[in-house]
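Notes for the structure review
Here is what each chain is made of, one letter per residue.
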Amino acid sequence: MSREFRDAPQFYLTAPSPCPYLPGREERKVFTHLIGRRSTSLNDQLTQSGFRRSQTIAYRPACERCRACVSVRVVVPEFSPTASMRRVAARNVDVIGNAIPPRPTAEQYSLFRGYLDSRHADGGMADMSVLDYSMMIEDSHVDTRLVEYRRRGPDSRINGRGQGPLLGVALTDILADGLSMVYSFYDPEAADRSIGTYMILDHIERARRLGLPHVYLGYWVEGSRKMEYKARYLPQERLAMEGWERYE
């Protein structure tokens, strides 16, 4: 048996469960494990094929009667913020993001817990414990970073870090062709800042500085209020049956 065949990923299919985005529908997922020496390159290939990562699992919707979940990625070199996005950037000019290794902290979990309780109290992650959170952050065999967002301080120009309480956190994979925002959360009390929007804008700028052409935002689901915001970042590409298609 050739090494290439032995290293090929094995895919599995989940049982049907209620769809978290569209009422009255069921979802199924196809998934594989991201472990071993090929995990980084495999994560690249699968993300480009519409998969998302959760810890050491790469998954993609495989629903029998629905194709509503569509992978989207921002075209970084040509991205142009809207007027409202520019206002968000201006409101957060005093915020700085610091990329660190994926290590969980009590402060992060406190922010995460407050975010879930405020925004997703009825979601599938609502009962995540501190151990569950730690595994979400640490359990990765790919190139991953945490970006912590805080207010700028007097030493920020020197050390690249902010000060004061956390405003937001993004768990981000670094791919060969872009940044993939795996999961992000923020202070629900800072609604006037629109930190969620700002983190996406910041990641687009980070990708631009790194010379990476894409920021992967996950699934856009037409008809889902939770996911409709992803359609605002243009131009973007959406994964269709024939491949990635551009939307202005």
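Parameters and conventions
- Residues numbered from 1 in each chain as written.
- Predicted model: local features only at pLDDT ≥ 70, side-chain atom pairs only at ≥ 80, totals over all residues.
- Heavy atoms only, no water.
- Axes fitted to C-alpha atoms, helices over the stretch in contact; angles between N-to-C directions.
- Helix = DSSP H or I, 4+ residues; strand = E, 2+ residues; numbered from the N terminus.
- Parallel < 35°, antiparallel > 145°, perpendicular 65-115°, else oblique.
- Contact = heavy atoms within 4.5 Å.
- Nonpolar A, V, L, I, M, F, W, Y, C, P; charged D, E, K, R; others polar.
- Core = buried A, V, L, I, M, F, W, Y, C linked by side-chain atoms within 4.5 Å.
- Buried < 20%, exposed > 50% of the residue type's maximum accessible area, 1.4 Å probe, protein only.
- 1 Å grid on protein atoms, 1.4 Å probe; cavity = no way out; pocket = protein on both sides within 12 Å on 5 of 7 lines; lining within 4 Å.
- Points joined across faces, edges and corners; volume = space filled by probe spheres on them.
- pLDDT = per-residue confidence, 0-100.
- Pairing = 2+ DSSP bridges.

Concerning the packing of helix α3 (residues 83-91) against helix α7 (residues 195-210)
Axis separation between α3 and α7 bottoms out at 9 Å; the angle between their running directions is 95°. In terms of orientation, α3 and α7 fall into the roughly perpendicular class. Along its contact with α3, which presents Met 85, Val 88 and Ala 89, the element α7 presents Thr 197, Tyr 198 and Leu 201. The residue makeup of the contact of α3 with α7, split by class, is five nonpolar, one polar and no charged.

Section: the nonpolar core
Residues Phe 112, Met 136, Phe 185, Ile 204, Val 215, Leu 217 and Tyr 233 are the most contacted members of the largest nonpolar core, which totals 43 residues. The element best represented in this core is α7, accounting for seven residues. For Ile 204, the contacting residues outside a window of four places in its chain are Val 74, Val 76, Phe 79, Val 215 and Tyr 233. Cys 19, Ala 68, Val 221 and Met 227 belong to the second largest nonpolar core, which has seven residues in total.

Things to note about the layout of surface pockets
Space inside the second largest pocket adds up to approximately 240 Å³. Lining the second largest pocket are 17 residues, and of these Ala 89, Tyr 198, Leu 201, Asp 202 and Glu 205 sit closest to its centre. Among the elements of the structure, α3, β8 (95-100) and α7 are those that each provide at least two residues to the lining of the second largest pocket. Here the lining of the second largest pocket takes eight residues from α7, the largest share from any one element.

As for empty space enclosed by the protein
Counting across every chain of the model gives one cavity of 30 Å³ or more. Size it by volume and the largest cavity reaches roughly 40 Å³. Residue lining of the largest cavity: Thr 47, Gly 50, Phe 51, Arg 52, Ser 71, Val 72, Tyr 216 and Gly 218, and that is the complete set. Those elements that place two or more of their residues in the lining of the largest cavity are β7 (69-75) and β12 (214-221).

Brief notes about the confidence of the model for the protein
In this model, the protein carries an average pLDDT of 92, and 96% of its residues clear a pLDDT of 70 or more. The least confident element of the protein, judged by mean pLDDT, is helix α1 (residues 3-6) at 47; the most confident is α7 at 98. When the criterion is pLDDT under 50, residues 1-5 qualifies, and its contacts beyond four places in sequence or with other chains add up to two contacts.

Brief notes about the sheet that holds strand β13 (residues 236-240)
Strand order across the open sheet formed by eight strands is β8-β9-β10-β11-β12-β7-β13-β14, with mixed pairing between neighbours. Every other strand in the sheet has two partners, leaving β8 and β14 (243-247) as the edge strands with one partner each. With strand direction ignored, the average angle separating the axes of adjacent strands in the sheet is 35°. Pairing analysis gives three bridges linking β7 to β13, with the strands arranged antiparallel.

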